[in-house]
Amino acid sequence: MIKVLLVCGGGASTGFVAKNMRTAATKINQEIDIIARPISSLEELLDSVDVVLIAPHFKFRASEIEQECNAKGKKAALANPEAYGMMDGDGLLSQVLFMMEDNNE
Amino acid sequence: MNKFLDWVTINLSPKMDKITRNPWVSSIQESIYAVMPLILFGSIISMLGAIQIVIPAFPDLSLLSKFSFGLFGLFVAFLLPSKILEKKQINTNRTIPGLTSLGLFLMLTSPIVNEEGYLVIEFARLGGGGLMCSMIAGIFVALIWILFDKTNLFKKESALPDFVLEWFKNLIPVAIALSVGYIFSFVLGYDVFAIIQGLFAPLFNSLQTLPGAVLATFIVTLFYSLGISTHVFNAFLIPIYIGATIENITNASMGLQATNLFSYEPILAFANIGGAGMHLSLGLMFIFLAKSKRLNGIGKATIMPLIFNINEPLLYGTPIVFNPILMIPMWLNSIVCTTIIYFAQVWGFVPVATMMNLTGQMPSFMYAFVVYGFNGLILSIGTFILSGLIYYPFFKAYDTQLATKENEIKQ
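Here is what the cut-offs are and how they apply
- Residues numbered from 1 in each chain as written.
- Chains lettered and ligands numbered in written order.
- Predicted model: local features only at pLDDT ≥ 70, side-chain atom pairs only at ≥ 80, totals over all residues.
- Heavy atoms only, no water.
- Pairing = 2+ DSSP bridges.
- Helix = DSSP H or I, 4+ residues; strand = E, 2+ residues; numbered from the N terminus.
- Axes fitted to C-alpha atoms, helices over the stretch in contact; angles between N-to-C directions.
- Contact = heavy atoms within 4.5 Å.
- Phe/Tyr/Trp six-rings, centres within 6.5 Å; stacked < 30°, edge-to-face > 60°.
- Buried < 20%, exposed > 50% of the residue type's maximum accessible area, 1.4 Å probe, protein only.
- Arc of directions from axis to C-beta.
- Parallel < 35°, antiparallel > 145°, perpendicular 65-115°, else oblique.
- Left-handed = near helix turned anticlockwise from the far one by under 90°.
- Nonpolar A, V, L, I, M, F, W, Y, C, P; charged D, E, K, R; others polar.
- Right-handed = clockwise from strand over helix to strand, strands pointing away.

1. As for the sheet that holds strand E3 (residues 51–54) of chain A
Residue and element names in this part refer to chain A. With parallel pairing, 4 strands are arranged side by side in an open sheet as E2-E1-E3-E4. With one partner strand each, in any of the chains shown, strand E2 (32–38) and strand E4 (75–78) form the two edges of the open sheet. On average, adjacent strands in this sheet sit at an angle of 20° to one another, irrespective of strand direction. Where E3 and E4 come together, 4 bridges link them in parallel fashion. Its bridge partner lying in E4, Val52 is registered against Ala76. Across the sheet, helix H1 (residues 13–27) lies against strand E1 (2–8), E2 and E3, angled at about 175° from E2, the strand it touches most. Running at roughly 170° to E4, helix H3 (residues 62–71) makes contact with E3 and E4 of the sheet.

Structure (structure tokens):
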């Protein structure tokens, strides 16, 4: 089961987005666990997740977060801004699945 | 307009990057936001406190706020050093610096021994009013650990066993940090807390002026329209605005006038309807007035978060970020609404708020009513409508652009 962490400032906007991603996952019967949390919780949650998606308005922290995640062998990326903007659960889910696919090579 | 965007990306962006990526800045931001659940709890208690005015028999729950929101400074004192050390990647026990910072912060609040021989700490100094002092204590403690980490006092080949080395590695910074506090607070007898407050007073006061407040909200909106979360600046505005509200509440409780016109309460009630930039009216226009399928779709997709003043999806979906046509009215709205906040209070249409309420996700009309009563509700509806009027011409221009393109593609 893939475990995804969505981070933004307070976990508010990501909360809505996470809900849509869960719906998208149910549609395709994808086992996935998605949580949306404030960025201040990243350090304590990183061990228990596989992938981190960074909300677009935290782009300025993206490279630092990616470094921190990669150091622990976790995948991280900036959430696709268009998909995030449309709260496109399918689109963001695809992004996550694509990221995890790289893992399996 | 494109020249402006070019200037922004070439000149301003790198400078903005330096500030926003700065580990000290993000440490402060994360430490403050980490305490939010307790602050929101305090806000809820404050709101319940307003019920007492209507139903006098309602119990006084203010103590619940005292031990949540009222300990804001104390909490940040503990959290800040470990956040800084984490981001500076200093390999050290994170709890010890935090505890040391707690001790130092308490020292700096200038406790005194009273007649009965008790060491007394002024409780009011532990809350939001103590944030500047606690941040300075936290930064100072982190600095000591950082400097000590660089000096490498003991060689690896030292004859001393590991646990003794570890002991010293922590003991010496603790001793330095607390001794400095000891000397200033007790030997020299300075009220460091008050000194720090005095140092920041000019900044606090300037944000209580109309130009200062307008500049502050404009900068937040400007950077937000350039893709940088409002959290970055809010982290620094929080101590200032909370300090202002606390001062208002204290003055009011002593029968004095509350004079701070700018804090989160008026901003959240009147200048945050649909998030920073007043986007609820724009979102509704997308749904009901847009001729382009794109805007119509985005409005429908993002209206739910907008009602709760979350506009990130709208900002990135439209997009509004880096989109000149929609950035300009966003800035105008921040300037206009902040100005309205000023005059509405000066002219007495709404009182100066004496409630501490940071529940920014509460729909604004409800929030305005809870904090300001009926006049507040009217004013928030007023700024909402005004924001729509400001957005309309720009919305129309952008919508027409998009609709034309959509029709061209059809053909």
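2. Points about the packing of aromatic side chains
Enumeration over the complete set of coordinates arrives at 16 aromatic pairs over all chains. Ring plane angle 35° and centroid distance 6.3 Å describe the contact between Phe16(A) and Phe308(B), whose orientation is recorded as tilted. Placement of Phe16(A) in helix H1 and of Phe308(B) in the loop between helix H14 (293–307) and helix H15 (312–317) is noted, with the two residues assigned to different chains. Note on Phe308(B): relative accessible area 31%, which makes it partly exposed. Taken together, a centroid distance of 5.1 Å and an interplanar angle of 80° make the contact between Tyr241(B) and Tyr264(B) edge-to-face.

3. Brief notes about H3(A)
Residues and elements named next belong to chain A. Looking only at H3, the buried set comprises Ala62, Ile65 and Cys69. Burial along H3 is one-sided: seen end-on, the buried residues are contained in an arc of 70°. Turned more than 90 degrees from where H3 packs its buried face, Gln67 and Ala71 sit exposed. For H3, the elements touching its buried residues are helix H2 (42–45), E3 and E4.

4. Brief notes about the packing of helix H2 (residues 23–34) of chain B against helix H7 (residues 131–151) of chain B
Residue and element names in this part refer to chain B. Relative to each other, H2 and H7 sit at 130°, their axes nearing to 12 Å. Judged by the inter-axis angle, H2 sits oblique to H7. As for the relative orientation of H2 and H7, their crossing is right-handed in sense. In contact with Trp24, Ile28 and Ile32 of H2, H7 contributes Met135, Ile139, Leu143 and Ile146. Across the contact of H2 with H7, the residue classes tally to 7 nonpolar, no polar and no charged.

5. Side note on the pairing of E1(A)
Where a strand is regular, its side chains alternate between the two sheet faces. Residue and element names in this part refer to chain A. Of all the 7 residues making up E1, 6 are buried; the element is thus mostly covered by neighbouring parts of the structure. The sheet contact formed by E1 and E2 spans 7 bridges and is parallel. Within E2, the position partnered with Leu6 by the bridge is Ala36. Where the polypeptide runs from E1 across H1 and back to E2, its parallel neighbour, the crossover connection is right-handed. In this structure, E1 lies alongside E3, joined through 4 bridges in parallel fashion.

Geometric values such as these leave the question of function open.
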